[in-house]
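Coordinate analysis (summary)
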Amino acid sequence: DLAEYMDLDKLKGTFEPTLQSAAKSVLSPRWNTLVRSGRCSCTKPNLQQLPKRGGVREAFTPREGYLYVGADYSTAELVALAHVCEEWGIKSEMGAALRAGFDLHLALAAEMMGIDYEEAKERHSKEDKKVAEMRQLAKVPNFGLPGGLGAEGLQGFAKSSYNIELSLSECTALRASWFKRWPEMSAYFRRIEAAEQKGYIVQSFSRRRRGGIGYTDGANTMFQGLIADGAKIALYDVVRACWMEPSSALFGSRPVLFIHDEIILETPKEKASAAGDELARLMVEAMRLCIPHLPMGVDPWISSKWSKDNKEKRDEEGRLIPCA
């Protein structure tokens, strides 16, 4: 009850003033284009970390005559992780799964259930409840363990990120299944330990050097920094198209938000469908410079509001249409 109260108190005390300010005048947050992880940061207010609950995001809507057009990379950090392993000469089962068109969460769920991937895929297509639950559970280690978490850390991550209560024994079993399905991760972490002893690590694409690393930030930096490089290249290309390329479907759109691996534009309604597809295309091409040999998906959407639930939606002719 106390935790719930503190969460609501923060929601009201931190984000209500932001919304009140935005209702009166234009928000102009401050951006730092390079922090230690390779990402950028946003302050006053931090629009990159608005809460999922409370309707805070949904309070942001485009101007009359416009729609929000957004796109983000699909399982970007896992794709980058597989790329780093292969670049280091480590055989990657994750990379092989991506090339085979596997859903990485479903692949791990199949491992946890003791069934093969094809059976898991078939049962998932038929909306098998157990497979759906295990796929959701698989996101916990897939997204939590690449940063080097132990069982206790994974337990906290499951609660804070997915509101899933797990015992330490369950987290230990999850870690074992994860390392069995993605055996390259043992070698990956050995390389991180060596870098920690050396005191610095070098990013694979940009060759940017990060010093003073610990174990966890060293592990995270390799894939987070790689995605940050590709996403920033994409943002540059998108901004250029919006302002300087009259022939582009993005011309006349205005970038309004950049959230690590997601770009959101405010676009004239009549250009929104074409703009969504062009945004996705530019993002794919930019990331291919950093990760040339693995497939990277991008999921575009159109909406009349900003929401974490915004998803790609198309009509019968395949045209992108508003999801909300």
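Scroll up to find the structure.
Residues numbered from 1 in each chain as written. Predicted model: local features only at pLDDT ≥ 70, side-chain atom pairs only at ≥ 80, totals over all residues. Heavy atoms only, no water.

Structural notes on a nonpolar patch on the surface
The grouping of Leu2, Tyr5 and Met6 at the surface amounts to a nonpolar patch, some 370 Å² of accessible area in total. Counting through the fold element by element, Met6 comes out in helix H1 (residues 2–24). Residue classification places Met6 among the partly exposed positions, given a relative accessible area of 47%. (Patch = residues over 30% accessible without salt bridge, like charges linked within 9 Å, V, L, I, M, F, W, Y side chains within 5 Å. Areas by Shrake-Rupley, 256 points an atom, 1.4 Å probe, with all protein chains shown as cover. Salt bridge = Lys/Arg side-chain N within 4 Å of Asp/Glu carboxyl O. Helix = DSSP H or I, 4+ residues; strand = E, 2+ residues; numbered from the N terminus. Buried < 20%, exposed > 50% of the residue type's maximum accessible area, 1.4 Å probe, protein only.)

What about the pattern of salt bridges?
On inspection of all chains with the given rule, the structure shows 19 salt bridges. Taking the shortest distance from any N to any O, the salt bridge between Glu285 and Arg281 comes out at 2.8 Å. Within this pair, Glu285 and its partner Arg281 are both found in helix H11 (residues 272–290), separated by four residues, close to a single helical turn. Its relative accessible area of 40% is what places Glu285 among the partly exposed residues. Of the charged contacts, one joins Arg314 and Glu312 as a salt bridge, the two residues approaching to 2.7 Å between their closest N and O atoms. On the basis of relative accessible area, Arg314 is assigned to the partly exposed category, the value being 32%. Beyond isolated ion pairs, a larger network of salt bridges with shared partners links Glu119, Arg123 and Asp128.

With respect to the sheet that holds strand S3 (residues 66–73)
Read from one edge of the open sheet, four strands run S6-S7-S3-S8, paired in antiparallel fashion. Looking along the sheet, the strands with just one partner apiece sit at the ends: strand S6 (254–258) and strand S8 (298–303). The average undirected angle you get between the axes of adjacent strands in this sheet is 20°. Across seven bridges, the pairing between S3 and strand S7 (residues 262–268) is antiparallel. Bridge pairing in S7 places Leu67 opposite Thr267. (Pairing = 2+ DSSP bridges. Axes fitted to C-alpha atoms, helices over the stretch in contact; angles between N-to-C directions.)

Re the nonpolar core
The biggest cluster of nonpolar side chains holds 78 residues, and the ones touching the most others in it are Tyr73, Tyr188, Leu250, Leu279 and Ile291. Element by element, the count of residues in this core is highest for helix H10 (residues 215–244), at 10 residues. The residues touching Tyr73, leaving out its near neighbours within four places in the chain, are Gly230, Ala231, Ala234, Asp261, Met283, Val284, Met287, Met296, Gly297 and Val298. In this structure, Leu11, Leu50, Val56 and Leu257 belong to the second largest nonpolar core, which totals 13 residues. (Core = buried A, V, L, I, M, F, W, Y, C linked by side-chain atoms within 4.5 Å. Contact = heavy atoms within 4.5 Å.)

Notes on helix H8 (residues 168–181)
Taking 1.5 Å of rise per residue, 14 residues should cover 20 Å, and H8 covers 20 Å from first to last C-alpha, within 8% of that figure. Turning to H8, its buried residues are Cys171, Leu174, Ser177, Trp178 and Arg181. Along the axis of H8, the buried positions cluster into a sector of 120°, meaning they face one direction only. Opposite the buried face of H8, at more than 90 degrees from it, the exposed residues are Ser169 and Lys180. In the core, the buried residues of H8 are packed alongside helix H3 (93–99), helix H4 (104–113), helix H6 (129–144), helix H7 (151–162) and helix H9 (184–198). (Expected span 1.5 Å × (residues − 1). Arc of directions from axis to C-beta.)

Quick notes on the state of the cysteines
For the coordinates displayed, the defined rule picks out zero disulfides. The thiol sulfur of Cys42 is not disulfide-bonded, and the nearest other cysteine sulfur, from Cys40, lies at 7.8 Å. The thiol sulfur of Cys85 is not disulfide-bonded, and the nearest other cysteine sulfur, from Cys290, lies at 17 Å. On the basis of relative accessibility, which here comes to 1%, the residue Cys85 falls in the buried class. (Disulfide = S-S within 2.5 Å.)

Structural notes on the side chain of Gln48
Locating Gln48 in the fold gives a position in the loop between strand S2 (41–43) and S3. Excluding its chain neighbours within four sequence positions, the residues that come into contact with Gln48 are Trp31, Cys40, Ser41, Cys42, Phe258, Ile259 and His260.

Focus on H1
For H1, with 23 residues, the first-to-last C-alpha span of 33 Å sits near the 33 Å given by 1.5 Å per residue. The largest bend along H1 reaches roughly 35° and is located at Phe15, with the proline Pro17 sitting one to four residues downstream. Among all positions in H1, only Leu11, Phe15 and Thr18 are buried. (Bend = angle between axes of the 7 residues up to and from the residue.)

Notes on unusual backbone geometry
In this model, Lys44 is joined to Pro45 through a cis peptide bond whose omega is -5°. On the secondary structure map, Pro45 appears in the loop between S2 and S3. Here Glu127, not a glycine, exhibits a phi torsion of approximately 60°, which is positive. By the element assignment, Glu127 lies in the loop between helix H5 (117–125) and H6. Positive phi is not limited to glycine here, since His260 has a value of about 65°.

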